[in-house]
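Observations on the model geometry
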Amino acid sequence: MAGTSQRDGLRRMAIASQATGFILIITLETVLGDEARPWQGVTLAAMLVAAGWLALVRRYRRNKERRRQGMRDDV
C-alpha cells in the first residue's frame, strides 16, 4: 500500500530527527559542559519544530486520502 509506506517514511524521519537531536544534546553537554545550555535549548526547539512539521504532513496526507476515498465511495 502506498499510504502505509508514506507513513513509515514519516515515522522513520521522526525517529531519526529525535535520535539525532538527543545525540547532539548529549554531545554538546560532553564537549561544552555548562556552556552548552543555550545550544541545547536551540536543539530542543528544532526537535519540536521538526516533530510538529511531521505531524502536520501526516495529517495532511491522511485527510487527502480520506477525501479521495470519499470521492470513490460517491461514484
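Just so you know, the residues in each chain are numbered from 1, in the order the chain's sequence is written. Where local features are concerned, this predicted model is filtered to residues with pLDDT of at least 70; where side-chain atom pairs are given and counted, the filter is 80 or more; whole-chain, interface and lining totals use all residues. Only hydrogens and water are set aside; all other atoms, that is, all heavy atoms of the structure, feed into the side-chain values.

1. A few points about a nonpolar patch on the surface
Exposure above 30% relative accessible area and the lack of any salt bridge qualify a residue for a patch; like charges then connect within 9 Å, and the nonpolar side chains Val, Leu, Ile, Met, Phe, Trp and Tyr within 5 Å. Only the protein chains shown count as cover for residues, and the accessible areas themselves come from Shrake-Rupley with a 1.4 Å probe. Here a salt bridge means any side-chain nitrogen of Lys or Arg lying within 4 Å of a carboxyl oxygen belonging to Asp or Glu. On the surface, Val-31, Leu-32, Trp-39 and Val-42 cluster together to form a nonpolar patch covering roughly 410 Å² of accessible area. Only DSSP runs of H or I reaching four residues or more are called helices, and only runs of E reaching two or more are called strands; each is numbered from the N terminus. When residues of the nonpolar patch are traced back to their parent elements, those giving at least two are helix H1 (2-32) and helix H2 (37-74). As for its placement among the helices and strands, Leu-32 is situated in helix H1. Accessible area is worked out with a 1.4 Å probe on protein chains only. A residue is then buried under 20% of its type maximum, exposed over 50%, and partly exposed in between. Residue class for Leu-32 comes out partly exposed when judged on its relative accessible area of 35%.

2. Observations regarding the pattern of salt bridges
Across all of its chains, the model carries 4 salt bridges by this definition. We note a salt bridge from Asp-8 to Arg-11, for which the minimum N-O separation is 3.6 Å. Of the two residues, Asp-8 and Arg-11 both sit in helix H1, 3 residues apart, roughly one turn of that helix. A relative accessible area of 27% places Asp-8 in the partly exposed class. Its salt-bridge partner being Asp-34, residue Arg-37 comes within 3.7 Å of it at the nearest N-O pair. Residue classification places Asp-34 among the exposed residues on the basis of a relative accessible area of 62%. Salt bridges sharing partners connect three or more residues here, namely Glu-29, Asp-34 and Arg-37.

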